[in-house]
Amino acid sequence: MTGTVFQDWIKRNLGIPGVLGFGIYMPDKGGYIESCIGTFSTEALENAWRCVAETIPVMQLNRFPTARFRFVYTQAVVHCERRRDGTCLGVFAVKGHQFEQDELHRLLGEFHSL
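This is a predicted model, so every value here is computed, not measured. (Residues numbered from 1 in each chain as written. Predicted model: local features only at pLDDT ≥ 70, side-chain atom pairs only at ≥ 80, totals over all residues. Heavy atoms only, no water.)

**Thoughts on the overall build of the chain**
Okay, step 1: Secondary structure summary: the chain contains 4 helices and 5 strands in total.
Okay, step 2: Scanning the chain from its N terminus toward the C terminus, one meets helices and strands in the order α-β-β-α-β-β-β-α-α.
Okay, step 3: Since a compact globule built from 114 residues should have a radius of gyration of about 13 Å, the 13 Å found for the chain is in line with a globular shape.
Okay, step 4: By its C-alpha atoms, the chain is 35 × 30 × 25 Å across when sized along the principal axes.
Okay, step 5: Burial status across the chain gives 41% buried among its 114 residues.
Okay, step 6: A separation threshold of at least 6 residues defines the contact pool for the chain, and within that pool the share at least 24 residues apart is 47%. (Helix = DSSP H or I, 4+ residues; strand = E, 2+ residues; numbered from the N terminus. Rg over C-alpha atoms; globule rule 2.2 N^0.38 Å. Buried < 20%, exposed > 50% of the residue type's maximum accessible area, 1.4 Å probe, protein only. Contact = heavy atoms within 4.5 Å.)

So this is what it looks like as structure tokens:
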């Protein structure tokens, strides 16, 4: 699977209400991030996504499940979904937004089908 497929998919999903940004990490291929709103800077998104990517091996080492997990912050949530091939999706969303009920499961299902 190439990064272009994921990048195109992310671009098609930009503008979903409540989504702040996306991150994709592919083992041995690096990652890709995309901010959805101007107030969520690329630097902040890169920093948050780097922290997520660095946490995955630590979670695995300590035998925590890494197929689905999330980081909860004061105003945002990072929903993470990891495929069997190791590719990981991060969806940065406004905490408590209706997106978490309406669109999240659709995005995660599409991610697994790419």
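After presenting the structure, the write-up continues.
**What to know about the sheet that holds strand E3 (residues 68-72)**
Okay, step 1: Read across the sheet, 5 strands follow the order E2-E1-E5-E4-E3 without closing on themselves; strand pairing throughout is antiparallel. Of all the strands in the sheet, the pair left with one neighbour each is strand E2 (30-35) and E3. Between one strand and the next, the sheet's axes are offset by a mean angle of 15 degrees, whatever the strand orientation. (Pairing = 2+ DSSP bridges. Axes fitted to C-alpha atoms, helices over the stretch in contact; angles between N-to-C directions.)

**Concerning the pairing of E3**
As a general feature of sheets, a regular strand has side chains that alternate between the two faces.
Okay, step 1: Of the strand pairs in this sheet, E3 and strand E4 (residues 76-82) are connected by 5 bridges, and their pairing is antiparallel. In the strand pairing of E4, Phe-71 is matched with Val-78.
Okay, step 2: Linking E3 to E4, which pair antiparallel, is a turn of 3 residues.

**Structural notes on the state of the cysteines**
Okay, step 1: Tallied over the entire structure, the rule returns 0 disulfides.
Okay, step 2: Of all cysteine sulfurs in the structure, the one in Cys-80 sits closest to Cys-36, which takes part in no disulfide; the separation is 15 Å.
Okay, step 3: Note on Cys-36: relative accessible area 23%, which makes it partly exposed. (Disulfide = S-S within 2.5 Å.)

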